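Spelled out, the chains give:
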Amino acid sequence: MNSPQQITNNRQQRVLDIIWDDGSTQQLPHATLRAQCKCTVCQSQRLLAGTDADADVPPPPAPAADIRIEEIHPVGAYGMQLIFSDGHERGIYPWPYLRSLEMNASESAIDSNPPTAVQRKKSQMLHR
Ligand SMILES: [Zn+2]
């Protein structure tokens, strides 16, 4: 199973740097992790806010821009628990879930080859 080799909490940039077993790296902003919390409280808040506009339930507050991860606790071999600076500590993040949040993964760099000459010609014609 793919699990992190190393997790670094970069408090200054407010990102979590993860190095996975297969060598790929991932950077997850603390605010993203807070917004994607999978605990029952956050999930039901999101669910209620999304399905019933008349529900007497306030939408989940957007995480503050300066939210930070204060502590990381391992949870068995399958994930970790994150303690946030707003006091929220119920979020447990299994490894596969973290990987699915990939947004700054190094793999995206593979596709960044410059366009071929043919493609460039085509797009010039389209723009005329
Ligand atoms: Zn939560």
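Please refer to the structure higher up on the page.
Residues numbered from 1 in each chain as written. Predicted model: local features only at pLDDT ≥ 70, side-chain atom pairs only at ≥ 80, totals over all residues.

1. Considerations on the overall build of the protein
Phase 1 of the analysis: Of regular secondary structure, the protein possesses four helices and six strands.
Phase 2 of the analysis: Starting at the N terminus, the α and β elements of the protein follow one another as β-β-β-α-α-β-β-β-α-α.
Phase 3 of the analysis: Residue burial in the protein is summarised as follows: out of 128 residues, 16% are buried.
Phase 4 of the analysis: Within the protein, contacts between residues separated by at least 24 positions form 38% of all contacts whose residues are at least 6 apart in sequence. (Helix = DSSP H or I, 4+ residues; strand = E, 2+ residues; numbered from the N terminus. Buried ≥ 20, exposed ≤ 12 C-beta atoms within 10 Å, placed from the backbone. Contact = placed C-beta atoms within 7 Å.)

2. Considerations on the environment of Val75
Phase 1 of the analysis: With respect to the secondary-structure elements, Val75 resides in strand S4 (residues 69–75).
Phase 2 of the analysis: With 12 C-beta atoms counted inside 10 Å, the residue Val75 sits in the exposed group.
Phase 3 of the analysis: Residues Val75 and Pro94, 19 residues apart in the sequence, show an inter-C-alpha distance of 8.4 Å.
Phase 4 of the analysis: Residues in contact with Val75, not counting those within four places in the same chain, are Met80, Gln81 and Ile92.

3. Thoughts on the nonpolar core
Phase 1 of the analysis: In terms of nonpolar packing, the biggest core is built from 12 residues, these being Val15, Leu16, Ile18, Leu28, Leu33, Ile67, Ile69, Met80, Leu82, Phe84, Tyr93 and Leu98.
Phase 2 of the analysis: Beyond its immediate sequence surroundings of up to four residues, Ile69 is in contact with Asn9, Leu16, His30, Leu33, Leu82, Ile83 and Phe84. (Core = buried A, V, L, I, M, F, W, Y, C linked by C-beta atoms within 7 Å.)

4. A short note on the environment of Cys37
Phase 1 of the analysis: One can find Cys37 in the loop between helix H1 (30–35) and helix H2 (40–51).
Phase 2 of the analysis: Cys37 has contacts with Cys42, His88 and Gly91, leaving out every residue within four places of it along the chain.

5. Let's talk about the pairing of strand S1 (residues 4–10)
Phase 1 of the analysis: Direction of pairing for S1 relative to strand S2 (residues 15–20): antiparallel, over a ladder of six bridges. In the strand pairing of S2, Thr8 is matched with Asp17.
Phase 2 of the analysis: Once S1 ends, the chain turns through four residues before running back antiparallel as S2, passing Arg14 with a positive phi of about 55 degrees. (Pairing = 2+ DSSP bridges.)

6. Focus on the environment of Ser24
Phase 1 of the analysis: With respect to the element layout, Ser24 can be found in the loop between S2 and strand S3 (25–29).
Phase 2 of the analysis: Taking the C-alpha atoms as reference points, Ser24 and Pro4, separated by 20 residues in sequence, lie 9.5 Å from one another.

7. Considering unusual backbone geometry
Phase 1 of the analysis: If you check the backbone angles, Arg14 has positive phi at about 55 degrees while not being a glycine.
Phase 2 of the analysis: Within the secondary structure, Arg14 is located in the loop between S1 and S2.
Phase 3 of the analysis: Overall, the presence of 18 C-beta atoms within 10 Å leaves Arg14 in the partly exposed class.

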